[in-house]
Amino acid sequence: MTVCGLVTNSQEPVPLKSISVDVVVRGFVADVVSELRYHNEEKTPVEVVFVFPLDDEAAVYAFEGLIGGTRIEAQIREKKQAEQEYEDALTEGRQAFLLEREANTSDIFTCSLGNLPPDGEATLKLSYVQALAPEPDGAIRFVLPAVLNPRYAPQGSEGENVTKSIPRVPKGKLPYTLGLSATLESPYGINRVESKCTLEPLRYRAEDRTIAQVSLAEGHQFDRDVELLIYYEDIHKPSALLEAGKPGAAPGSLMGDPALLLTLYPSVPAPKPGQKVTEEFLFLMDRSGSMRSCTDPNPDSPRRIQSAKETLIFLLKSLPLGCYFNIYGFGSTHDSFYPQSVEYTQETMSKSLQRVKELEADLGGTEILQPLKAIYSQPCREGYPRQLFVFTDGEVCNTDEVIAEVRRHSSSHRCFSFGIGEGASTALIKGIARAAGGSAEFITGKERMQAKALQSLKKALQPAVTRISLSWDLPPGLKAELVGSGPQVIFQGQRCLIYAQIRGQDQSSSSTEAAAVLQYQFQDQTFKERLTFSLSSQETDRLPVHRLAAQTLLKELEGAGEKEKEKQRLALETSLSSGVVCSQTAYVGVNKELGTALQGPLARRNIPLAFRGGMALCYAQSASLRPLNLGLSLSRMNSSSPPSMQHSINIAKYSDQANVLKAKLCNRAARKKKMCYFLRQSSPPPPIQNSLSAKSSEPTPKEKESPLLSLVSLQNANGSWPLDSGLAEILGLSEAEISSKSPAQVTPDAWATVLALLWLHSRATGQRDEWELLETKALSWLLVTAGPQLAECVKAGNEMLGSSVSPEAFGI
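Please read all numbers here as calculations on a predicted model, not as lab measurements.

Draft legend 1. View of the pattern of salt bridges. In the structure shown here, the tally under the stated rule is 32 salt bridges. Residue Asp-56 pairs with Lys-555 through a salt bridge whose shortest N-O separation is 2.6 Å. Of this pair, Asp-56 sits in the loop between strand S4 (46-53) and strand S5 (59-67) while Lys-555 sits in helix H8 (residues 544-558), and the two are 499 residues apart along the sequence. Of the residues examined, Asp-56 reaches a relative accessible area of 2% and is grouped as buried. The shortest N-O distance in the salt bridge between Arg-192 and Glu-194 comes to 2.9 Å. By relative accessible area, Arg-192 is classed as partly exposed at 34%. For Glu-194, a relative accessible area of 33% translates into the label partly exposed. Via salt bridges that share partners, Asp-55, Asp-56, Glu-57, Lys-430, Arg-434 and Lys-555 belong to a single interconnected network.

Draft legend 2. Structural view of the sheet that holds strand S19 (residues 259-264). Strand order across the open sheet formed by four strands is S18-S19-S29-S28, with antiparallel pairing between neighbours. Of all the strands in the sheet, the pair left with one neighbour each is strand S18 (239-243) and strand S28 (478-482). Pairwise comparison of adjacent strand axes, ignoring direction, gives a mean angle of 25° for this sheet. As defined by bridge partners, S28 adjoins strand S29 (residues 496-504) across five bridges and the pair is classed as antiparallel.

Draft legend 3. Molecular detail of the confidence of the model for the protein chain. Counting all residues, the mean pLDDT for the protein chain is 83, and 83% of those residues have values of 70 or more. Note on residues 1-9: pLDDT is under 50 here. Beyond four places in sequence and across chains, it has 43 contacts. Within the model, the stretch residues 614-697 combines pLDDT values under 50 with 175 contacts to residues more than four positions away or in other chains.

Criteria and cut-off values
Residues numbered from 1 in each chain as written. Predicted model: local features only at pLDDT ≥ 70, side-chain atom pairs only at ≥ 80, totals over all residues. Heavy atoms only, no water. Salt bridge = Lys/Arg side-chain N within 4 Å of Asp/Glu carboxyl O. Helix = DSSP H or I, 4+ residues; strand = E, 2+ residues; numbered from the N terminus. Buried < 20%, exposed > 50% of the residue type's maximum accessible area, 1.4 Å probe, protein only. Pairing = 2+ DSSP bridges. Axes fitted to C-alpha atoms, helices over the stretch in contact; angles between N-to-C directions. pLDDT = per-residue confidence, 0-100. Contact = heavy atoms within 4.5 Å.

See the structure below:
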């Protein structure tokens, strides 16, 4: 059985006592400071290890500690050097702390605090900055992630899966508390804040409502993500922020020069009417066991697989005639509806619809790499641009490998990804969308997946914007240099962030403004958008714009892969100079006060996370002894034998430097191996269903189909509805009654289609985003089929259904 976590039976007290988070959201940028307070209630020193998630786009830029009244500022180092300094400090009996990003993924961090003495207290402070994206409804979404689901390790994968060693405790039983306070600032005004968590009332700090404060209510358990949906009065306004460089940093460097953040909303025009859509749509759906979980902790919420199936139905019905499509499912294995994509017709649509309704989360683990390779092995159809939609709960540990595979084929397709449920990997979901020029969406709580999926389909149906370029209008002596490659993809109404470094000295005494000009081509037309900005730069200690610019550059450089050594070197230099952590660096802080070399083992305490339903777990020891001074040979450490806990020795007994180094290497290897050993050797309790790896024989409980879904399921591929018993049941009428009210010379299908659209407008207005595309298809069919009688049909339909939908809704 694949092990996916730890359940703790240990009674040792947990040293982490509280987490306090302070957030400042200015426009689209969140600056976050998290304080972790520790207290060792045991009689011996301990090492405390806390594994936690962060958003893939969070730029961690500072780490400091307060230990025994001494403030220690951690330094960013090359990762191996940081780990060595940490190990050396612990060996010498010093207090130290280490913060590093996990290998193979950019959204999991590990914070280690070593040599916390008996009754000792410590506070660690972590700072990061993050750009926030608008939701389809206009909200700015900030998430403090708490849920770190076990990541599935595919067969043959290498490297350590850190999520396996996290202890889990029952929901509501976490031994530490969480507090969060957020200050919100927007020059356009703050309308409201919504959250699935209980909040204190919103307090305005300015009469014009440009500054507000909100906080979590007391008693919040850190067992679910904290999500704030911030609604500004107007977000679709271009803006510019020029930030002064870091004092003391070298002029000409990224941190020494002013950094500019441009926020643009390009007005891409609507496609030319009547233009035929010739694209290939491929849908890749996660059917692993974890998709049987609910989308929300509330047991009454729909299961992930059910939401995904309903979304697929809406997508199928919204596809245009003449396109090609296929549907893939994956778990431990993968399959597809057709050997290769097929033309979208009434026959293929009906056949696929029936198969979608029969799908189950019954394919075992979450091996997404192989189905992606299978998709990319299929040749693209000439003249049919490929659009890939990926639906997954994102619980894999080979994230970087998956993103690299998508990036290798980025020139042949666009990828639109959807993270389902709390704990979906932001590194995976955002990474594959970024790699292939698409967009990423996350569905949590009571959100409907359908609306976000249909928004993405609208983007996929939009013809590509090409020849994107940026030019500058600057005073003499100044030069703007893009940080990274700049915008590669533009979608209608979607925010576009651009970072630039402003070099040189302004040689004009009167210039106070400059301008950026974004130019692009769309359907053989050239468009330009100009944004004027002030040259007066803001001074700030935290330098959020500089950190975000550095993070943007790091994403591009590290995405090149290990083979491009020069880009890896530049990534390391950028990380060290900006303070933003990357895969090659880590923060380390050491208390320089002399300590006493340890004579025995140091107990390790892993901070627990909440156990969540649907999570496959096994039992093992949660607090293992950490042998700092093992007298083991390296050959034994690399064998299958477990690290011995009985033969720790004093490092002072080694007589030469080689043996000292040998002991440190043994210690590090033991640290990595012993948890795996405990997991292998521990006897599991009575069998627990492993939803990630075991193929489930139980079908997903069938949930009642909504009237909206039933109506959508009846629509034909050409956009029309048939006049049959199914439609009559939804309308609450008999077929005979419907037929008798039909205007003269109107076909039954045309009359039925008018009635279906009237029902949508009067009974499902709140879900308009979900049916807008299929309505467009229906109207196109109606205008051809019943154009002259359409006004009469709308009037008769309103009278029969008791609705009052305006003829304008039908384009009349």
